[in-house]
Amino acid sequence: IGNRLWILVGETDMTGLWGIPRRNRYLPLLAGMIIDLVSATFVLILLSAEKQGWIGLSPSLIRWLQIALWTYFFQLTWQGYFFLRTDLYYVFANVFQCKNLLKDSEIWLNNQLKKILKRPTLIDQSLIPFREMQVIRWYTLLLILGRIISFGIFCFVILPLTWTYLGMLSQIILGKTQNTLISPWMIIFFLIINGIGIILWVRNWHIE
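Below: a short report on this structure.

Rules and cut-offs
Residues numbered from 1 in each chain as written. Predicted model: local features only at pLDDT ≥ 70, side-chain atom pairs only at ≥ 80, totals over all residues. Heavy atoms only, no water. Helix = DSSP H or I, 4+ residues; strand = E, 2+ residues; numbered from the N terminus. Rg over C-alpha atoms; globule rule 2.2 N^0.38 Å. Buried < 20%, exposed > 50% of the residue type's maximum accessible area, 1.4 Å probe, protein only. Contact = heavy atoms within 4.5 Å. Core = buried A, V, L, I, M, F, W, Y, C linked by side-chain atoms within 4.5 Å. Axes fitted to C-alpha atoms, helices over the stretch in contact; angles between N-to-C directions. Parallel < 35°, antiparallel > 145°, perpendicular 65-115°, else oblique. Nonpolar A, V, L, I, M, F, W, Y, C, P; charged D, E, K, R; others polar. Phe/Tyr/Trp six-rings, centres within 6.5 Å; stacked < 30°, edge-to-face > 60°. Left-handed = near helix turned anticlockwise from the far one by under 90°. Salt bridge = Lys/Arg side-chain N within 4 Å of Asp/Glu carboxyl O.

Within the protein one finds six helices and two strands. Walking the protein from its N terminus toward its C terminus, one meets helices and strands in the order β-β-α-α-α-α-α-α. At 21 Å, the protein has a C-alpha radius of gyration far larger than the 17 Å of a compact globule built from 208 residues. Dimensions along the principal axes, computed over C-alpha positions, put the protein at roughly 65 × 40 × 25 Å. Taken across its 208 residues, the protein has 29% of its residues classed as buried. Excluding contacts between residues fewer than 6 apart, the proportion of contacts in the protein whose partners are at least 24 apart in sequence is 62%.

Looking now at the nonpolar core. Judged by nonpolar contacts, the single largest core of 21 residues is most densely connected at Trp6, Leu101, Ile136 and Tyr139. Contributions of two or more residues to this core are made by strand E2 (7-9), helix H3 (87-95), helix H4 (101-116) and helix H5 (130-173). At seven residues, H5 tops the list of elements feeding residues into this core. Each residue touching Ile136, except ones within four places of it in the same chain, is listed here: Leu101, Asp104, Ser105, Trp108 and Ile128. Counting six residues, the second-largest nonpolar core is a separate cluster that includes Tyr165, Ile187, Phe190 and Leu191.

Pairs of packed helices are described in terms of their axes, by the angle between the two and the distance that separates them. Direction vectors running N to C along H4 and H5 enclose 85°, while the axes themselves pass 9 Å from each other. With respect to their mutual orientation, H4 and H5 come out roughly perpendicular. Two secondary-structure elements touch here, H4 through Leu101, Leu102, Asp104, Ser105, Glu106, Trp108 and Leu109 and H5 through Glu132, Met133, Val135, Ile136, Arg137, Tyr139, Thr140, Leu143, Ile144 and Arg147. Its residues placed into classes, the contact of H4 with H5 shows 10 nonpolar, two polar and five charged.

Looking now at the packing of aromatic side chains. When we look at a pair of aromatic rings, we describe it by the centre distance and by the angle of the planes. On inspection of all chains with the given rule, the structure shows 15 aromatic pairs. Arranged with centres 4.4 Å apart and planes meeting at 35°, the rings of Trp6 and Phe154 form a pair that is tilted. Taken together, the residues Trp6 in the loop between strand E1 (2-4) and E2 and Phe154 in helix H5 connect sequence positions 148 residues apart. Both rings, one in Tyr165 and one in Phe190, keep their centres 4.9 Å apart while their planes meet at 80°; by these two values the pair is edge-to-face.

Here we come to unusual backbone geometry. The residue Leu5 is not glycine, and still its phi comes out positive at about 55°. Even without being glycine, Lys118 reaches a positive phi, approximately 55°. Within the secondary structure, Lys118 is located in the loop between H4 and H5. When its relative accessible area of 77% is taken as the criterion, Lys118 is described as exposed.

We now examine the packing of helix H1 (residues 26-51) against helix H2 (residues 59-78). For the pair H1 and H2, interaxial distance at closest approach is 9 Å and the crossing angle is 145°. Pair H1 / H2 crosses with left-handed handedness. On H2, the residues that touch Met33, Asp36, Leu37, Ser39, Ala40, Val43, Leu44, Leu46, Leu47 and Glu50 of H1 are Ile62, Leu65, Gln66, Leu69, Tyr72, Gln75 and Leu76. For the contact of H1 with H2, a count of residues per class yields 12 nonpolar, three polar and two charged.

Moving on, we come to the pattern of salt bridges. Note that side chains of opposite charge can pair when their charged atoms are close. Inspection of the entire model under this criterion finds two salt bridges. The salt bridge involving Glu11 is made with Arg4; its shortest N-O contact spans 2.6 Å. We classify Glu11 as partly exposed; its relative accessible area is 46%. Judged by relative accessible area, Arg4 falls into the buried class, the value being 17%.

Right, dumping it as structure tokens:
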């Protein structure tokens, strides 16, 4: 279990993957997304069948299936965050034969900031091939834009939603309201997943 910024993720050690030919790496890199897509399709079929009256499911099971479907949707959408080390990021890096695209882009950006501020101690990147440096420069723009958007989502969506859910959960626990739209378990699931992700992110930031 790890994190990308404040997003909780499951990680697999695939360092041995770089020992096989580049064209053979795509299926292992995309295996997680394929499993999520197949699982989401299966859940969607169950929910559609229940809605059509072909099968009968309990309300609690329907809610958990809806949670699972939303989770799969979020996971698949999140893979498009190329400015983090997602599965699609590794596919992108593999296509352009970049050894450490994200780290090299962060170093290049840091070097440019030091040049502007006229500060010494630049990290030498002269050994990186010219074609790869071109990819790094373009990727840096995506990195900056992606981080700005993600922090905006965190400040204006995740934090307010977390605060709202905490208020709703406290009202339900105290018996002051009976919310029929959102299950307390759905709220708890949201709070736990996001809470662990934020804790890991803050801890890693503190260590760095």
